[in-house]
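# Analysis of the macromolecular model
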Amino acid sequence: HQGGGEFRVAEFFSGIGGMHCALQLLRQLVGEREFSYRIAGAFDVNNIANSVYERNFPGVRVCTTSLDSIGLARIRALAANLWLMSPPCQPFSRLGNRRGLDDVRCRPLLRLLEVLASLPDNERPSRLLLENVQGFEASPAAERLLECLNKCGFEYRQLLLSPLQFGVPNSRLRFYLLAWRPGAPEPAAARLLPANCLIDRPPSAATSQPLLPSCCCPVCSGRLQPGQLTHDSHLRCYRPFARPLSDYLSPGADAEPELYLTSRQLEQFFPVLDIRQPRSRATCCFTKGYGKRVEGTGSVLQTRRLAFGKPSHDRVKAGACPPRTHGEVSHADSAAAAIDASCSSLAPDDLSDDDINNGEFVDSAGGSGDAETMQAYAESLGLRYFSAAEVAGLMHFPPGYSFSTSLCLSRRQAYQLLGNSVNVLVIAHLLSYLLLS
């Protein structure tokens, strides 16, 4: 902790408050004597996101001033020694336009860098954390950022990390930058994280005493030694250490008909769905298009036929799936039985991790079913979207985090806000590296 004092925090692009939740979690894990903070200012132009933030943090009033025109005097008045930034990712994301500096959504970040360089040396923040999508690190915007930090005398570390590496069954690979001004006490990041490289794994507890001994994630507990694992592009080596999805599922979500995929969606997209079961230990990244677009926006959950080869009723309750006519259920069951029989040679573990992913299960049927049979089988699985509360849980927002505001948010709006937010647990760990010594 910097000199044992209180951090004054400026949250830029504050969204629904993910960074603030991470500050809370860090304080909860290490205690207020070790870490204290207060929000000097929060800034975002999205009024819907701001309503969620203020609902959960009623003591903070989010400023809607556009950062691309914010004045130097306004930043100086904050007297913030910690800057948290999660600028818009669309200029750099796989699903965005990738216009980089030519995108108007880059202007707020560039303006903040101008202000940072213009501040008197003794008024610059002593710590800075930035989050963005994978790809930002290779952009001209990242070059500008590093030029500014070098000019202002910061040391920094760059990382590409996913929640899956901290035991969370969700893949959300993101770029993070931790920066600090030299001086005593030196942050833990200086000794834990190597310089002059892009770090792709968290530090092992074997090489240092974990900064968050109260955290039960596999990294802090020492169960996981990232340095001893061989990475692949999907980080599969981390899955055995992740918690099962069943730990994150809401008891009543199976009974919400609006969460289930329609017959039309299954007909169009079943072969490309990323289907997970409650026992699974991974999900795809949930984007802001989840619930609106089907393909490539996040995983879906299988609620029926969970035991491969025979029906499973472990999680199927009365009314759990949208009602079907007797004829439809009968046809689905007979289609499922035919496909199960053709796949009976597969070991149960063959589908226990990746589940029915990208048509893999359909292909394993050996072409035994026509389109009608496959449609019936798809409908027999009870496929649904994860609820907004479940997605928030996978992103480690605290239990009970509320999306109920005077604006009456829709489920899709909640998905959109979450898709633009951060993983709270990952940010809390990064803050511990940056703020604790």
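All values derive from a computational prediction rather than experimental measurement.

This next bit is on the pattern of salt bridges. Where charged atoms from two side chains of opposite charge come close, those side chains can pair. Counting across every chain of the model gives twelve salt bridges. A salt bridge links Asp-121 to Arg-181; its shortest N-O distance comes to 2.6 Å. Separated by 60 residues along the polypeptide, Asp-121 in the loop between α4 (107–118) and β4 (127–133) and Arg-181 in the loop between β6 (174–180) and α6 (189–192) bring together distant segments of the chain. The class for Arg-181 is buried, based on a relative accessible area of 16%. Across the pair Asp-247 and Arg-243 runs a salt bridge, and its minimum N-O distance is 3.3 Å. Using a relative accessible area of 43% as the deciding quantity, one classes Asp-247 as partly exposed. Via salt bridges that share partners, Asp-121, Arg-124 and Arg-181 belong to a single interconnected network.

In this section: the UniProt feature "active site" (unreviewed entry) in the chain. Listed under "active site" (unreviewed entry) in the UniProt record, and renumbered for this structure, are Cys-89. Along the polypeptide, Cys-89 turns up in the loop between β3 (82–85) and α4. Cys-89 has contacts with Asn-132 and Val-133, leaving out every residue within four places of it along the chain.

This part takes up the packing of α4 against helix α5 (residues 140–151). In the contact formed by α4 and α5, the axes pass within 10 Å of each other and the chain directions differ by 10 degrees. What the angle tells us is that α4 and α5 run roughly parallel. Seen from α4, the contacting residues are Leu-110, Leu-113, Leu-116 and Ala-117; seen from α5, they are Arg-144, Leu-145, Cys-148, Leu-149 and Lys-151.

Next up on the list: the packing of aromatic side chains. Pairs of aromatic rings are described using the distance from one ring centre to the other and the angle between the two planes. Counting across every chain of the model gives 13 aromatic pairs. Three or more aromatic residues link up through ring pairs in this structure, and these residues are Tyr-53, Phe-57, Phe-397, Tyr-401 and Phe-403. Across from the ring centre of Phe-154, 5.6 Å away, lies the NZ or CZ of Arg-181, which sits over that ring.

Moving on to the environment of Glu-123. Structurally, Glu-123 is set in the loop between α4 and β4. Judged by relative accessible area, which is 30%, Glu-123 ranks as partly exposed. Residues Glu-123 and Leu-78 lie 45 residues apart in sequence; the distance between their C-alpha atoms is 9.9 Å. A distance of 2.6 Å separates polar atoms of two side chains, one belonging to Glu-123 and the other to Arg-76.

In this model, α5 (twelve residues) spans 16 Å end to end at C-alpha, consistent with the 16 Å of a helix rising 1.5 Å per residue. Every buried residue of α5 is listed here: Ala-141, Ala-142, Leu-145, Leu-146, Cys-148 and Leu-149. Buried residues in α5, looked at end-on, bunch into an arc of 160 degrees, giving them a common side. Counted as exposed and oriented over 90 degrees from the buried face of α5: Glu-143, Glu-147 and Lys-151. Two residues or fewer after α5 comes Gly-153, characterised by a positive phi angle close to 80 degrees.

All right, on to the sheet that holds strand β2 (residues 37–43) then. Spatially, the seven strands line up as an open sheet ordered β2-β1-β3-β4-β6-β5-β7, and their pairing is mixed. Each having just a single partner strand, β2 and β7 (198–199) make up the two edges of the open sheet. As paired elements, strand β1 (residues 7–12) and β3 share four bridges and run parallel to each other. Its bridge partner lying in β3, Val-9 is registered against Leu-82. Sheet strands in contact with helix α14 (residues 424–435) are β1, β3, β4, β5 (155–161) and β6, and its direction is about 20 degrees off that of β6.

To continue, consider the side chain of Ser-402. As for its position among the elements, Ser-402 is in the loop between α12 (388–394) and α13 (411–419). Of note is the side chain of Ser-402, whose polar atom sits 3.1 Å from the backbone nitrogen of Ser-404. Leave out the neighbours within four places in its chain, and Ser-402 touches Val-52, Arg-55 and Asn-56.

Time to look at a positive patch on the surface. The grouping of Lys-288, Lys-292, Arg-293 and Arg-412 at the surface amounts to a positive patch. With respect to the helices, strands and loops of the structure, Arg-412 is situated in helix α13.

One non-glycine residue, Phe-13, adopts positive backbone phi at about 60 degrees. Take Phe-13: it is sitting in the loop between β1 and α1 (18–30). Although it is not a glycine, Asn-196 sits at a positive phi angle of roughly 60 degrees. Tracing the chain through its elements places Asn-196 in the loop between α6 and β7.

Taken in spatial order, the three strands of this open sheet run β8-β9-β10, and their pairing is mixed. Both edges of this open sheet fall to β8 (275–276) and β10 (383–385), since each of them pairs with a single strand only. As paired strands, strand β9 (residues 300–302) and β10 are joined by three bridges and run antiparallel to one another. Bridge pairing in β10 places Gln-302 opposite Leu-383.

All right, on to helix α2 (residues 47–56) then. By the burial criterion, the buried members of α2 are Ala-49, Asn-50, Ser-51, Val-52, Tyr-53 and Asn-56. Where α2 is buried, its residues meet β1, α1, β2 and α13. Two to three positions downstream of the cap, the backbone nitrogen of Ile-48 sits 2.9 Å from a side-chain oxygen, assigning the N-cap of α2 to Asn-46.

Quick look at the pairing of β3 now. Here β3 shows a buried face lined by Leu-82 and Leu-84 and a second buried face lined by Trp-83 and Met-85. The sheet contact formed by β3 and β4 spans four bridges and is parallel. For Leu-84, the partnering residue across the bridge sits in β4 and is Leu-129.

The rules behind these values
- Residues numbered from 1 in each chain as written.
- Predicted model: local features only at pLDDT ≥ 70, side-chain atom pairs only at ≥ 80, totals over all residues.
- Heavy atoms only, no water.
- Salt bridge = Lys/Arg side-chain N within 4 Å of Asp/Glu carboxyl O.
- Helix = DSSP H or I, 4+ residues; strand = E, 2+ residues; numbered from the N terminus.
- Buried < 20%, exposed > 50% of the residue type's maximum accessible area, 1.4 Å probe, protein only.
- UniProt positions renumbered as here; feature names shortened; annotations may be inferred.
- Contact = heavy atoms within 4.5 Å.
- Axes fitted to C-alpha atoms, helices over the stretch in contact; angles between N-to-C directions.
- Parallel < 35°, antiparallel > 145°, perpendicular 65-115°, else oblique.
- Phe/Tyr/Trp six-rings, centres within 6.5 Å; stacked < 30°, edge-to-face > 60°.
- Lys NZ or Arg CZ within 6 Å of the ring centre and 35° of its normal.
- Polar contact = N/O pair within 3.5 Å; in protein donor to acceptor, adjacent residues only side chain to side chain.
- Expected span 1.5 Å × (residues − 1).
- Arc of directions from axis to C-beta.
- Pairing = 2+ DSSP bridges.
- Patch = residues over 30% accessible without salt bridge, like charges linked within 9 Å, V, L, I, M, F, W, Y side chains within 5 Å.
- Areas by Shrake-Rupley, 256 points an atom, 1.4 Å probe, with all protein chains shown as cover.
- Lys, Arg positive; Asp, Glu negative; His and termini not counted.
- Charge placed at Lys NZ, Arg CZ, Asp CG, Glu CD.

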